[in-house]
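# Per-entry structural report
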Amino acid sequence: MAGRAEQLAKARAPRGRRGRSGCPVGRAERLCSRLLSRYDWLLFVHVLAAFAIAAGLTLLTGAMILTLRRTGDEALALSLTRFSPFLFDGAGVLVLVLGIWLAIDIDGYELWDPWILAALVLWVVIAFSGARALAAFRRARKTAGPGTDLATAVRDGRAPLWNAVAIAAVLATLILMIFKPGA
Amino acid sequence: MSLAAVRPDEWNFPLFLHVLGAMLLVGTLLLAGLVLFSRREGRSGAGLGFRVFLLGVLPSYILMRVGAQWVESEEGFGDDGPGWLGFGYITADIGAILILLCLIITGIAARRSARAEGGGGTLVRVAGGVSYLLLAAYVVAVWAMTAKPGS
C-alpha cells in the first residue's frame, strides 16, 4: 500500500519545485496543503464542469421526450432548454481549459497522447451537436404554429438526432477519461 | 508516472458505471427540481416529477451506488477506509432515504392532483427543495471523490 500511495503522490504532483504535500515550496505551502493541492482543485472543477455538461444534456433530453411524446408540456420543455446553453457553454469552456491545463501540468500526460487528442475531438463533436440540437429546438419554437405542432417541428429540425450524437460523444468521452487507453 | 498506471484495469469498468450513474443522478435531480418548481398552466408538476424520480433519479442512484460498492470491493479498503470514502457513503445513504421520501411525496401529490383534490403544492415544493438540497450535497461529494482529502 505504501508503494501505491507513493505512486499516487508522484502522479498527482504537478511539475515544478514542490514540497512533500505536492504544493509549491514557500510560505504558501502550509495553507496550500491544508486546502489541498492545485491538482486536486483543477480536477474537481474539471469533473464538476463535466457533470454540468451531462446535466445540460439531461435537461435537453428531458425537453425532447416531453415534446416528442406530446404530453402537453411544451411550455415546460421550452423552459428547460433555456438552462442548457448556460450549462453547455460555461461548463464546456471550463472542461476544455482545465483539461488542457491538467494534461500540461501532470507528469506522464501529454497533450498529444492519443486518448487526450481523441477527447479533444469529442469535445468539438459535443459542442457542435449540442449547439445544433438547441438551435433546432429554437427554430422549432418559431416555426411551430397552427399548421405544425412543436413535436413535428422538432423532429423535422433533426433535434433528436443531434441530441443522440451529443449523448454518444459524452459517453465516449467518459470512457476515454476513465479507461485512458494507451496512457 | 500517470494515474492510469496507478489504477489497475479491473477498477475501470465499475468506476465508469459509478461516474456515469453519478452524472445521470445530478442531471435527473436538476431536472426533477426544475419540473417540481415549474408552473404548468394550472397543473402541478407532481405527476411529471414523480416519473422523473421513478424513471430517472432512482435508476441513476442505483447505478451510482452499485458502481461505488463494486469499486470499493476491488480496491479492498476493508473496515478502515479513508475519510472521503466515509463521506461518500454518508451522502449516498442519506441521499437514498431522501430520494425514496421524494418518490413517496410526489406520488401522493400526483394522486391528489389526479383526483383534483388539490393541496399538493406544499408537498411538491418540499420534494423540489429536497432535490436541490441533494444536488448541493452531491457537489460536495464530487469534491470529496476527486480531491480525496485525507487519503
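One can find the structure itself at the top, above this paragraph.
Residues numbered from 1 in each chain as written. Chains lettered and ligands numbered in written order. Predicted model: local features only at pLDDT ≥ 70, side-chain atom pairs only at ≥ 80, totals over all residues. Heavy atoms only, no water.

### Points about the packing of aromatic side chains
- Within this structure, the stated rule accounts for eight aromatic pairs over all chains.
- Seen from their ring centres, phenylalanine 179 of chain A and phenylalanine 16 of chain B are 6.3 Å apart, and the 55° between their planes marks the pair as tilted. Residue phenylalanine 179 of chain A is found in helix H7 (residues 159–179), and its partner phenylalanine 16 of chain B is found in helix H2 (residues 12–36); the two belong to separate chains.
- Each member of the aromatic cluster is reached from another via a ring pair, and the members are Phe179 of chain A together with Phe13, Phe16 and Trp70 of chain B.
- In this structure, lysine 148 of chain B packs its charged tip against the face of tryptophan 84 of chain B, placed 4.6 Å from the ring centre. (Phe/Tyr/Trp six-rings, centres within 6.5 Å; stacked < 30°, edge-to-face > 60°. Helix = DSSP H or I, 4+ residues; strand = E, 2+ residues; numbered from the N terminus. Lys NZ or Arg CZ within 6 Å of the ring centre and 35° of its normal.)

### Considerations on the packing of helix H3 (residues 38–68) of chain A against helix H5 (residues 121–147) of chain B
- Interaxial distance between H3 of chain A and H5 of chain B falls to 9 Å at its minimum, and their mutual angle equals 135°. Between H3 of chain A and H5 of chain B, the crossing angle belongs to the class labelled oblique. Like other packed secondary-structure pairs, H3 of chain A and H5 of chain B cross with a definite hand, here right-handed. Contacts from Asp40, Trp41, Leu43, Phe44, Val47, Leu48 and Phe51 of chain A in H3 of chain A reach Val139, Val142, Trp143, Thr146 and Ala147 of chain B in H5 of chain B. (Axes fitted to C-alpha atoms, helices over the stretch in contact; angles between N-to-C directions. Parallel < 35°, antiparallel > 145°, perpendicular 65-115°, else oblique. Left-handed = near helix turned anticlockwise from the far one by under 90°. Contact = heavy atoms within 4.5 Å.)

### A word on the interface of chain A and chain B
- The interface of chain A with chain B comprises 40 residues on the first partner and 36 residues on the second.
- When chain A packs against chain B, the two sides together hide about 3,500 Å² of surface, and 76% of this comes from carbon and sulfur.
- Contact with chain B buries surface across chain A, with Phe51, Leu174 and Ile178 of chain A losing the most and accounting together for 18% of the total.
- Where chain A touches chain B, the interface holds zero salt bridges.
- Inspection of the region where chain A meets chain B yields zero residue pairs in polar contact (both at pLDDT 80 or more).
- Those elements that provide at least two residues to the side of chain A that touches chain B are helix H1 (2–12), H3, helix H4 (74–105) and H7 of chain A.
- Among the elements that line the side of chain A that touches chain B, the one with the most residues is H3 of chain A, at 15 residues.
- Looking at the side of chain A that touches chain B, its residues break down into 28 nonpolar, six polar and six charged. (Buried area = accessible area lost by both parts, 1.4 Å probe. Salt bridge = Lys/Arg side-chain N within 4 Å of Asp/Glu carboxyl O. Polar contact = N/O pair within 3.5 Å; in protein donor to acceptor, adjacent residues only side chain to side chain. Nonpolar A, V, L, I, M, F, W, Y, C, P; charged D, E, K, R; others polar.)

### Quick notes on the side chain of threonine 81 of chain A
Residues and elements named next belong to chain A.
- Mapped onto the elements, threonine 81 comes out in helix H4.
- According to the relative accessible area criterion, threonine 81 is buried, its value standing at 9%.
- Ignoring any residue separated from it by four or fewer positions in sequence, one finds threonine 81 in contact with Leu60, Ala63, Leu134 and Phe137. (Buried < 20%, exposed > 50% of the residue type's maximum accessible area, 1.4 Å probe, protein only.)

### Structural notes on the environment of arginine 70 of chain A
All names here are of chain A.
- Tracing the backbone through its elements, the reader meets arginine 70 in the loop between H3 and H4.
- Exposure remark for arginine 70: the relative accessible area of 45% places this residue in the partly exposed category.
- Along the backbone, arginine 70 and alanine 55 are 15 residues apart, and their C-alpha atoms lie at a distance of 23 Å.
- Non-local contacts of arginine 70, meaning those with residues more than four positions away in its chain, are made with Asp149, Ala151 and Thr152.
- A polar contact is formed between the side chain of arginine 70 and the side chain of threonine 152, at a distance of 3.3 Å.

### With respect to the packing of H4 of chain A against helix H5 (residues 114–143) of chain A
Residue and element names in this part refer to chain A.
- Axis separation between H4 and H5 bottoms out at 11 Å; the angle between their running directions is 165°. With respect to H5, the axis of H4 lies roughly antiparallel. Viewed along their axes, H4 and H5 form a crossing whose handedness is left-handed. Listed contacts from H5 to Leu78, Thr81, Arg82, Ser84, Pro85, Phe88, Gly92, Val93, Val95, Leu96, Ile100 and Ala103 of H4 are Ile116, Leu120, Trp123, Gly130, Leu134, Phe137, Arg138 and Arg141.
- Partitioned by chemical class, the residues of the contact of H4 with H5 number 13 nonpolar, four polar and three charged.

### A short note on the pattern of salt bridges
- Enumeration over the complete set of coordinates arrives at two salt bridges over all chains.
- A salt bridge links aspartate 105 of chain A to arginine 38 of chain A; the shortest N-O distance between them is 3.0 Å. Placement of aspartate 105 of chain A in helix H4 and of arginine 38 of chain A in helix H3 is noted, with a sequence separation of 67 residues between them.
- The exposure class of arginine 38 of chain A is partly exposed, given its relative accessible area of 33%.
- Across the pair aspartate 93 of chain B and arginine 65 of chain B runs a salt bridge whose closest N-O atoms are separated by 3.4 Å. With aspartate 93 of chain B in helix H4 (residues 83–114) and arginine 65 of chain B in helix H3 (residues 46–75), this pair connects stretches of sequence that are 28 residues apart.
- In this structure arginine 65 of chain B comes out as buried when scored by relative accessible area, which is 18%.

### Observations regarding H5 of chain B
- An ideal rise of 1.5 Å per residue puts 39 Å on 27 residues; H5 of chain B measures up with 39 Å between its terminal C-alpha atoms.
- Immediately downstream of H5 of chain B, the backbone of lysine 148 of chain B shows phi near 45°, a positive value. (Expected span 1.5 Å × (residues − 1).)

### What about the side chain of threonine 67 of chain A?
Residues and elements named next belong to chain A.
- Turning to its location among the elements, threonine 67 is positioned in helix H3.
- The exposure class assigned to threonine 67 is buried, which follows from its relative accessible area of 0%.
- Apart from residues lying up to four places away in sequence, threonine 67 is in contact with Glu74, Ala77, Phe137, Leu150, Ala151 and Val154.

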